[in-house]
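Secondary and tertiary structure notes
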Amino acid sequence: MEKNSKIYIAGHRGMVGSAIYRALDRQGYNNIVTRSSSELDLRNQQAVADFFEQEKPDYVFLAAAKVGGIVANNTYRADFIYENLMIEANIIHHAYLNDVTKLMFLGSSCIYPKLAPQPLKEEYLLTGLLEETNEPYAVAKIAGIKLCEAYRDQYGCNFISAMPTNLYGYGDNYNLNNSHVLPALIRKFHEAKLDNRPFVEAWGTGSPKREFLFADDLAEACLYLMENFDGRELVNIGTGEDLSIKELTELVAEVIGFEGEIKWDTSKPDGTPRKLMDVSKLHSEGWHHTVELREGIALAYQDFIQNQEVYAV
């Protein structure tokens with residue numbers, strides 16, 4: 001990418017898209033194209049067609065998606081599969097029609113089978129059944145990967161796919177009805193500390209293991225791959241390190257300074273037992289994460305405190 005290349009970030013207001021925007025800005029890219037969802041409905045094929053014909057971007061980061069936690073994924077199953085399929089199909093197809101030089105599709109670690117061997121290697125895709133609670137979302141993301149492969153195979157498009165592990169960071173979703181586990185814990189412990197509550201209730205047994213990557217680290221990895229990787233197969237992006245939800249919960253409580261009790265509601269679902277990415281492929285490409293979990297949680301918490309009126313809704 002040249003510094004004046006026209007770069008379109010789909011989903012620039014989300015946690016991932018905004019991190020990519022910051023990374024591009026830091027590195028001096030000066031021709032970034034964005035549209036909010038109110039300006040451009042990515043589910044609308046004609047609207048996306050008109051946008052690409054008008055703007056003719058050179059590079060595309062496809063970070064737009066409908067996302068949520070276990071409850072949201074399981075409750076709004078039709079919304080999650082339909083909206084994500086439409087967004088990615090429209091963007092990928094019109095990137096091809098308008099001769100985009102390179103596109104990066106961002107998926108999710110939930111694409112891998114529920115009981116796949118750990119750590120998760122890229123080649124484990126489509127080797128087993130998916131986690132039932134987020135199957136529609138996972139199917140949509142797998143379709144995005146296969147769209148990129150198919151447009152590469154048939155038309156020679158340089159479309160690549162990257163699969164981030166669990167993400168957190170600036171601009172995260174702290175709505176307790178549909179947020180992911182780490183931001184939900186930050187909000188719960190913050191409010192419990194303010195109210196001097198004797199305990200905080202956490203979901204499940206605490207036994208599942210998860211890996212977490214700071215979103216600004218992901219953005220740096222995305223720029224690195226856009227510059228240095230042209231492979232057909234997907235690439236995992238993560239830290240290669242995980243911890244139990246119990247350990248995560250205790251770490252968040254410690255960073256925030258909550259000294260009460262943690263009670264586990266075992267009637268709530270645990271989800272997949274473990275999701276650790278094998279990032280040896282990414283490491284062999286020359287990229288490693290830089291923000292460790294404790295530091296990242298502290299950065300995210302400061303961001304939450306400074307933007308509570310926006311986040312705590």
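Described below are features of the structure shown in this document. If you're wondering where the values come from, they're calculated on a predicted model, not measured in any experiment.

Turning to the sheet that holds strand β2 (residues 32–33), a few remarks are in order. Spatially, β2-β1-β3-β4-β5-β10 is the arrangement adopted by the six strands of the open sheet, whose pairing is parallel. Edge strands, defined here as strands with exactly one partner in the open sheet, are β2 and β10 (235–237). Sitting on the sheet, helix α1 (residues 15–26) touches β1 (7–10), β2, β3 (59–62) and β4 (102–106), and the angle it makes with β1 is about 155°.

Let us now look at the sheet that holds strand β13 (residues 274–275). Across the sheet, which stays open at both edges, the three strands sit in the order β11-β8-β13 with mixed pairing between neighbours. Of all strands in the sheet, those bounded by a partner on one side alone are β11 (243–244) and β13. Inspection of the sheet shows strand β8 (residues 209–210) paired to β13 by two bridges, in the parallel sense. Bridge assignment links K209 to a residue of β13, and that residue is R274.

What follows concerns the side chain of H289. Mapped onto the secondary structure, H289 falls in the loop between α9 (280–285) and α10 (293–306). Here the side chain of H289 touches E292 through a polar contact of 3.3 Å, side chain to side chain. What H289 contacts, discounting residues up to four positions off in sequence, is L213, D217, T239 and E241.

Next up on the list: the packing of helix α4 (residues 77–97) against helix α5 (residues 135–155). Contact geometry for α4 and α5: axes closest at 8 Å, N-to-C directions at 15°. Considering their axes alone, α4 and α5 lie roughly parallel with respect to each other. α4 and α5 meet at a crossing whose hand is right-handed. Here R77, F80, I81, N84, L85, E88, A89, I92, H93 and Y96 of α4 come into contact with α5, specifically with E135, P136, Y137, V139, A140, K141, A143, G144, L147, C148, Y151 and Y155. Split into classes, the residues belonging to the contact of α4 with α5 amount to 15 nonpolar, three polar and four charged.

So, about the environment of N98. Relative to the helices and strands, N98 resides in the loop between α4 and β4. Here N98 falls in the buried class, since its relative accessible area comes to 8%. Remark: the alpha-carbon pair of N98 and E55, spanning 43 residues in sequence, is separated by 9.5 Å. When sequence neighbours within four positions are dropped, the list of residues in contact with N98 reads F52, E53 and K56. A polar atom in the side chain of N98 sits 2.8 Å from the side chain of K56.

The next thing to look at is the pairing of β4. Side-chain positions along a regular strand alternate between the two faces of the sheet. Of all five residues in β4, five are buried, a share of seventy percent or more. Of the two faces of β4, the one carrying K102, M104 and L106 and the one carrying L103 and F105 are both buried. As defined by bridge partners, β3 adjoins β4 across four bridges and the pair is classed as parallel. Paired with Y59 across the bridge in β4 is K102. Pairing of β4 with strand β5 (residues 159–164) involves four bridges; the strand directions are parallel. Directly across from L103, in β5, lies its bridge partner F159. At this point the chain moves from β4, through α5, to the parallel β5, and the crossover so formed is right-handed.

The rules behind the values
- Residues numbered from 1 in each chain as written.
- Predicted model: local features only at pLDDT ≥ 70, side-chain atom pairs only at ≥ 80, totals over all residues.
- Heavy atoms only, no water.
- Pairing = 2+ DSSP bridges.
- Helix = DSSP H or I, 4+ residues; strand = E, 2+ residues; numbered from the N terminus.
- Contact = heavy atoms within 4.5 Å.
- Axes fitted to C-alpha atoms, helices over the stretch in contact; angles between N-to-C directions.
- Polar contact = N/O pair within 3.5 Å; in protein donor to acceptor, adjacent residues only side chain to side chain.
- Parallel < 35°, antiparallel > 145°, perpendicular 65-115°, else oblique.
- Left-handed = near helix turned anticlockwise from the far one by under 90°.
- Nonpolar A, V, L, I, M, F, W, Y, C, P; charged D, E, K, R; others polar.
- Buried < 20%, exposed > 50% of the residue type's maximum accessible area, 1.4 Å probe, protein only.
- Right-handed = clockwise from strand over helix to strand, strands pointing away.

Read these as layout, nothing more, since geometry by itself doesn't imply function.
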